[in-house]
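Okay, here's what each chain looks like letter by letter:
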Amino acid sequence: GMELHPAPPIGPPASGGRNIVIIYGAPLRAANCRFRGGIRVNQSPVSAFHNCEFIFDNGNVDGGRFQPGARLIFENCLYWSKGYLVGFYHDDPLVHDVAIEIKRSTFLSGYTPIWLGLRGPLSGPADEPPTAIRLAISGSVFDSAPVLGFDQRPEFLAKAAELPPAESEAALFSLLQWQGERNVFA
């Protein structure tokens with residue numbers, strides 16, 4: 001039931017948005033909270049938000065890098081921002097079984113709410129499990145630019161040639177499994 005705001009800046013403003021919560025490798029659970037700044041949940045095994053509001057001009061819930069089996073859950077939440085909601089990077093072919101679950105939530109965004117940045121190789125050794133991020137969205141409303149964005153980051157381009165559109169789409173579908181029901185896209 002807390003409302004979290006960014007602290008006043010000390011010294012000159014830093015580039016990019018300011019995070020009000022930063023988690024690394026630990027779980028994060030919030031209920032009935034209002035977030036007025038960005039959240040970084042890098043390597044969190046579970047980040048769950050229930051009945052929360054995310055209201056900021058330019059911030060996001062940045063997934064950074066996921067660990068295998070990680071869960072990111074939004075249930076009955078409201079999100080309003082000029083930025084994206086969930087941003088995360090893929091740079092480890094061994095990451096698998098990641099789930100992003102969005103239930104009964106509303107998103108008003110001037111940008112793509114869910115964004116994936118490709119930073120590393122798409123496949124690992126043949127005996128390793130495939131990379132899979134399951135995106136399950138149900139009973140939610142999206143009033144935004146496209147719902148899902150995909151970007152080939154400079155780190156990826158330094159290691160491999162830019163993927164043409166058809167290969168980019170295939171790469172996206174090899175990384176994400178989309179499940180959706182009873183959603184409204186405006």
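Above this text you will find the structure in question.
Let me sum up the structure you'll find in this document. A quick note: this is a predicted structure, and the numbers were derived from the prediction, not measured.

**As for the sheet that holds strand 18 (residues 176-181)**
One open sheet accounts for six strands, arranged 3-6-9-12-15-18; its pairing is parallel. Across the chains shown, the open sheet's two edge strands, defined by having one partner strand only, are strand 3 (28-31) and strand 18. Strand-to-strand twist of the sheet, defined as the mean angle between neighbouring strand axes without regard to direction, takes the value 5°. By the bridge criterion, five bridges tie strand 9 (residues 71-75) to strand 12 (residues 98-103) in an arrangement that is parallel. Looking at strand 12, one finds that F74 is bridged to I102. Where helix 2 (residues 165-175) meets the sheet, it contacts strand 15 (133-138) and strand 18, and its direction lies at approximately 75° from that of strand 18.

**Observations concerning the side chain of S47**
Within the secondary structure, S47 is located in strand 6 (residues 46-50). One polar contact links S47 to S44, side chain to side chain, over a distance of 3.0 Å. Each residue touching S47, except ones within four places of it in the same chain, is listed here: L28, V41, R71, L72 and I73.

**Focus on the pairing of strand 11 (residues 86-90)**
Each regular strand carries side chains that alternate between the two faces of the sheet. Summarising burial for strand 11: five of the five residues are buried, a large majority. A two-sided burial pattern is seen for strand 11, the buried positions comprising V86, F88 and H90 on one face and G87 and Y89 on the other. Sheet analysis places strand 8 (residues 61-64) next to strand 11, joined by three bridges and oriented parallel. Considered in strand 11, the bridge of D62 is made with G87.

**Some details on the side chain of S168**
With respect to the helices and strands, the residue S168 is situated in helix 2. There is a polar contact of 3.0 Å between the side chain of S168 and the side chain of Q152. Apart from the residues within four sequence positions on either side, S168 is in contact with F150, Q152 and L163.

**Some remarks on the pattern of salt bridges**
Counted according to the given criterion, the structure contains nine salt bridges. Across the pair R34 and E53 runs a salt bridge, and its minimum N-O distance is 2.5 Å. Taken together, the residues span a long stretch of sequence, with R34 in strand 4 (residues 34-35) and E53 in strand 7 (residues 53-56) at a distance of 19 residues. According to the relative accessible area criterion, R34 is partly exposed, its value standing at 27%. Between E181 and R182 there is a salt bridge whose closest N-O contact spans 3.5 Å. Relative accessible area serves as the criterion here: at 46%, E181 is assigned to the partly exposed category. Judged by its relative accessible area of 60%, R182 is exposed. Where salt bridges share partners, they join E3, R34, R36 and E53 into one cluster.

**Some thoughts on the packing of aromatic side chains**
Summed over all chains, the structure comprises ten aromatic pairs. Centre to centre, the rings of F49 and F54 are 5.3 Å apart; their planes meet at 80°, and the pair counts as edge-to-face. The exposure classification of F49 matches that of F54, with both residues buried. Ring geometry for F56 and Y79: centres 5.8 Å apart, planes at 80°, overall edge-to-face.

**Things to note about the environment of E155**
Looking at the secondary structure, you find E155 in helix 1 (residues 154-159). Residue E155 is classed as partly exposed on the basis of its relative accessible area of 32%. Once the C-alpha coordinates of E155 and R119 are considered, the two residues, 36 residues apart in sequence, prove to be 5.3 Å apart.

Basis of the calculations
Residues numbered from 1 in each chain as written. Predicted model: local features only at pLDDT ≥ 70, side-chain atom pairs only at ≥ 80, totals over all residues. Heavy atoms only, no water. Pairing = 2+ DSSP bridges. Helix = DSSP H or I, 4+ residues; strand = E, 2+ residues; numbered from the N terminus. Axes fitted to C-alpha atoms, helices over the stretch in contact; angles between N-to-C directions. Contact = heavy atoms within 4.5 Å. Polar contact = N/O pair within 3.5 Å; in protein donor to acceptor, adjacent residues only side chain to side chain. Buried < 20%, exposed > 50% of the residue type's maximum accessible area, 1.4 Å probe, protein only. Salt bridge = Lys/Arg side-chain N within 4 Å of Asp/Glu carboxyl O. Phe/Tyr/Trp six-rings, centres within 6.5 Å; stacked < 30°, edge-to-face > 60°.

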